[in-house]
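Take a look at the letters that make up each chain.
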Amino acid sequence: MTDALKRLSDEGVAIWLDDLSRKRITSGNLAELIDQQHVVGVTTNPSIFQKAISAGDGYEQQLTDLATRKVTVDEAIRMITTADVRDAADILRPVFDATEGQDGRVSIEVDPRLAHHTDATVAEAKQLAWLVDRPNTLIKIPATKAGLPAITEVIGKGISVNVTLIFSLERYRAVMDAYLAGLEKAKAAGLDLSKIYSVASFFVSRVDSEIDKRLDAIGTDEAKALKGKAALANARLAYEAYEEVFAGERWDALDKAHANKQRPLWASTGVKDPAYKDTLYVDDLVAPGTVNTMPEATLDATADHGQITGNTIAGTYEQARTELDAIGKLGISYDDVVQILEDEGVEKFEASWIDLLNSTEAELKRLAPSEG
């Protein structure tokens, strides 16, 4: 079952699981995935936590204790989520040690309601790093315009970061610039750059979902022929940008100071259109120095029938440009698509967080000890 995952790993792709719950930790499932499915990292987001905590498995005792202490709902959520991340980080610690900090990572996101507030994002990132208190944590910061200076500031303080919700090539270049600026700040402050890590989460499937919808509305044969092309083209050109930035003079100076490259991470790799093969965004985005974070269904599908045939990004850049240009010539605005996707991404995570607040508040009230 694991041959395809091993081949993927051998090609230089780090396999991370895009899911976390207390049940996954306590049942031994996460340890099993690390041992048998080549999983070397975990990502979380507000939607994942909302689903896990709402399902309730394993949270009752902690919720009861928190209700007895009469903590606020915001504090309760942070206590619960950081406990899960801390425990997952401990399970992944051997991977972290074996890869000298490259993998064995667990990501936790700043409160999505802060996505458009730079200073609050920085403060929250520092607090999360302190709360989890594990060297193999990545703090997730969204790649909004307000998020960019926050990335620089947090990296500059020596905190490792997973930059999330990247959809456009222009924004991705700005993210890499923010990372390099952060490393330069850290270097000026005398910090050890070899201890600072980052990944840039470039979202994949949602690009096809939005552009395919618009191609369907056009309805011509030319439009239909371009369905399922945009997401891969966009991601492949992101990898081209990564190769350019981390081969330039600015990077060379940081490389000499033992800095780590900010790896591209393919996020949102679960296929949403059943017409496409369910391993599309794994099989066709293989290149060294990348991370692919998969929901469990995609991980299982790749293990079962993934077709890993070597590097599937090298040599694709001209074709990728041609495909995106053809989509643009049909009147579909790339800039409009990526802005909508960013806005929707922030809104979705914020809605999940609010759902989590509401359901946790209800549980705290239910479990609160009666007065007297």
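- Looking up the protein in an unreviewed UniProt entry gives the name Transaldolase, with the organism given as Streptomyces brevispora.
- Annotation of the protein in UniProt includes, under Catalytic activity (unreviewed entry), the sentence "D-sedoheptulose 7-phosphate + D-glyceraldehyde 3-phosphate = D-erythrose 4-phosphate + beta-D-fructose 6-phosphate".
- In its Subcellular location (unreviewed entry) section, UniProt records this for the protein: "Cytoplasm".

**A closer look at the overall build of the protein**
Point 1. Helix and strand counts for the protein come out as 17 helices and eight strands.
Point 2. Taking 2.2 N^0.38 as the reference for a compact globule, 372 residues should give roughly 21 Å; the C-alpha atoms of the protein span a radius of gyration of 21 Å, in line with that estimate.
Point 3. Structurally, the protein occupies a C-alpha span of about 75 × 50 × 40 Å along its principal axes.
Point 4. Each of the 372 residues in the protein was classed as buried or not, and the buried ones make up 56%.
Point 5. Taking the contacts inside the protein whose residues are at least 6 apart along the sequence as the reference set, 80% of them involve residues at least 24 apart.
Point 6. Of the roughly 15,500 Å² of accessible surface on the protein, 49% is carried by carbon and sulfur atoms.
Point 7. With 41 positive and 61 negative side-chain charges, the protein shows a spacing of 2 Å between the two charge centroids.

**Here's the deal with the pairing of strand β2 (residues 39-42)**
Point 1. As paired elements, strand β1 (residues 13-17) and β2 share three bridges and run parallel to each other. Across the sheet, the residue bridging to leucine 17 is valine 42, located in β2.
Point 2. When β2 meets strand β3 (residues 105-109), the two strands line up parallel, connected through two bridges. Its bridge partner lying in β3, glycine 41 is registered against arginine 105.

**Notes on the sheet that holds β1**
Point 1. The parallel closed barrel is built from eight strands, whose spatial order is β1-β2-β3-β4-β5-β6-β7-β8. Geometrically, the sheet is characterised by an average inter-axis angle of 30° between neighbouring strands, direction not taken into account.
Point 2. Looking at chain direction, strand β7 (residues 263-267) and strand β8 (residues 290-294) are connected through two bridges and run parallel. The partner of tryptophan 266 across the bridge, within β8, is asparagine 292.
Point 3. Relative to strand β6 (residues 198-203), helix α9 (residues 169-188) is tilted by about 170°, and along the sheet it contacts β5 (161-166), β6 and β7.

**Observations concerning the packing of α9 against helix α12 (residues 230-245)**
Point 1. Two elements in contact, α9 and α12, have axes whose closest approach is 10 Å; the angle formed by their N-to-C orientations is 30°. Taken as axis vectors, α9 and α12 run roughly parallel relative to one another. Note on packing geometry: the crossing formed by α9 with α12 is right-handed. Note on element contacts: α12 touches α9 through Asn234, Leu237, Ala238, Ala241, Tyr242, Glu244 and Val245, opposite Leu169, Tyr172, Arg173, Met176 and Leu180.
Point 2. Here the contact of α9 with α12 is built from residues that sort into nine nonpolar, one polar and two charged.

**Observations regarding unusual backbone geometry**
Point 1. The phi angle at histidine 38 is positive, at roughly 60°, despite the residue not being glycine.
Point 2. Checked against the element boundaries, histidine 38 lands in the loop between α3 (29-36) and β2.
Point 3. Notably, glutamate 100 is not glycine yet its phi reads approximately 55°, a positive angle.
Point 4. Inspection of the secondary structure puts glutamate 100 in the loop between α6 (73-98) and β3.

**Concerning the packing of helix α5 (residues 60-69) against α6**
Point 1. At a minimum axis separation of 10 Å, α5 and α6 run at an interaxial angle of 150°. In terms of orientation, α5 and α6 fall into the roughly antiparallel class. In terms of crossing hand, the pair formed by α5 and α6 is right-handed. From α5, Gln62, Leu63, Leu66 and Arg69 reach across to α6, where they touch Glu75, Ala76, Met79, Ile80 and Ala83.

**A closer look at the pattern of salt bridges**
Point 1. Summed over the entire model, instances satisfying the criterion amount to 28 salt bridges.
Point 2. Residue arginine 69 is joined to glutamate 75 by a salt bridge in which the shortest nitrogen-to-oxygen separation is 3.6 Å.
Point 3. We classify glutamate 75 as partly exposed; its relative accessible area is 32%.
Point 4. Measuring nitrogen to oxygen at the nearest pair gives 3.2 Å for the salt bridge that ties lysine 213 to glutamate 210. Of this pair, lysine 213 and glutamate 210 both sit in helix α10 (residues 205-218), three residues apart, which is roughly one turn of the helix.

Calculation rules
- Residues numbered from 1 in each chain as written.
- Predicted model: local features only at pLDDT ≥ 70, side-chain atom pairs only at ≥ 80, totals over all residues.
- Heavy atoms only, no water.
- UniProt positions renumbered as here; feature names shortened; annotations may be inferred.
- Helix = DSSP H or I, 4+ residues; strand = E, 2+ residues; numbered from the N terminus.
- Rg over C-alpha atoms; globule rule 2.2 N^0.38 Å.
- Buried < 20%, exposed > 50% of the residue type's maximum accessible area, 1.4 Å probe, protein only.
- Contact = heavy atoms within 4.5 Å.
- Areas by Shrake-Rupley, 256 points an atom, 1.4 Å probe, with all protein chains shown as cover.
- Lys, Arg positive; Asp, Glu negative; His and termini not counted.
- Charge placed at Lys NZ, Arg CZ, Asp CG, Glu CD.
- Pairing = 2+ DSSP bridges.
- Axes fitted to C-alpha atoms, helices over the stretch in contact; angles between N-to-C directions.
- Parallel < 35°, antiparallel > 145°, perpendicular 65-115°, else oblique.
- Left-handed = near helix turned anticlockwise from the far one by under 90°.
- Nonpolar A, V, L, I, M, F, W, Y, C, P; charged D, E, K, R; others polar.
- Salt bridge = Lys/Arg side-chain N within 4 Å of Asp/Glu carboxyl O.

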